[in-house]
Amino acid sequence: MNTVLWVLQIVLAVVFAAAGIAKIALPRDRLKATMGDWVDPVPAPAIKLLGLAELAAAVGLIVPPLVSVAPILTPLAAIGVVIVLAGAIVTHGRRHEYPNIAVNVVLVVAAAVVIWGRFGPYAF
């Protein structure tokens, strides 16, 4: 089960790092082309802040247990992932983007498994 949790952590970290870097680095027009029209009503500073939160979550999912410093940050980062994804589900739901909601629900389930495992029987 520890291996499954590591795989989930790595997958979540890769997804969130890629999304976070894109939100921080890409100009609005390229971000819109890449991620969709949801960026139109959102102020640029909010998009950058969201990207920073996603990048922090990606780091928090992987780095603390690797360096054996504050591994409690890993399930806390997974909680942050669930919070970000809850906002994404609401945003996509308002826009009737149901395939995006399905992807977000799958990611929420993966993060929930990490939370359960790392707070519970498979803590570091």
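These numbers come from a predicted model, not from an experiment.

(A) Quick peek at the environment of Pro121. As for its placement among the helices and strands, Pro121 is situated in the segment after helix 5 (98-119). Given a relative accessible area of 54%, Pro121 falls into the exposed group. Expressed as a C-alpha distance, the spacing of Pro121 and Asn2, which sit 119 residues apart in the sequence, is 9.6 Å.

(B) Spatial organisation of helix 4 (residues 73-94). Between the first and last C-alpha of helix 4 there are 32 Å, a value that for 22 residues agrees with the 32 Å anticipated at 1.5 Å per step. By the burial criterion, the buried members of helix 4 are Thr74, Pro75, Ala77, Ala78, Val81, Leu85, Ala88 and His92. Across the axial projection of helix 4, the buried residues extend over an arc of 140°, all falling on one side. The exposed residues of helix 4 that point more than 90 degrees off its buried face are Ile83 and Arg94. Contacts from the buried residues of helix 4 go to helix 1 (2-25), helix 3 (44-67) and helix 5. Two residues or fewer after helix 4 comes His96, characterised by a positive phi angle close to 60°.

(C) The arrangement of the pattern of salt bridges in detail. According to the stated counting rule, one finds 4 salt bridges in the structure shown. Between Glu54 and Lys23 there is a salt bridge whose closest N-O contact spans 2.9 Å. One end of the pair, Glu54, is in helix 3; the other, Lys23, is in helix 1, with 31 residues separating them in the sequence. Using a relative accessible area of 5% as the deciding quantity, one classes Glu54 as buried. Residue Asp40 pairs with Lys32 through a salt bridge whose shortest N-O separation is 3.2 Å. Lys32 sits in the partly exposed class, given a relative accessible area of 32%. Connected through shared salt-bridge partners, Lys32, Asp37 and Asp40 make up one network.

(D) Region of the structure containing the side chain of Lys23. Exposure remark for Lys23: the relative accessible area of 5% places this residue in the buried category. The contact partners of Lys23, leaving out residues within four places of it in the chain, are Leu31, Met35, Trp38, Ile47, Lys48, Leu50, Gly51 and Glu54.

Reading guide: rules and limits
Residues numbered from 1 in each chain as written. Predicted model: local features only at pLDDT ≥ 70, side-chain atom pairs only at ≥ 80, totals over all residues. Heavy atoms only, no water. Helix = DSSP H or I, 4+ residues; strand = E, 2+ residues; numbered from the N terminus. Buried < 20%, exposed > 50% of the residue type's maximum accessible area, 1.4 Å probe, protein only. Expected span 1.5 Å × (residues − 1). Arc of directions from axis to C-beta. Contact = heavy atoms within 4.5 Å. Salt bridge = Lys/Arg side-chain N within 4 Å of Asp/Glu carboxyl O.

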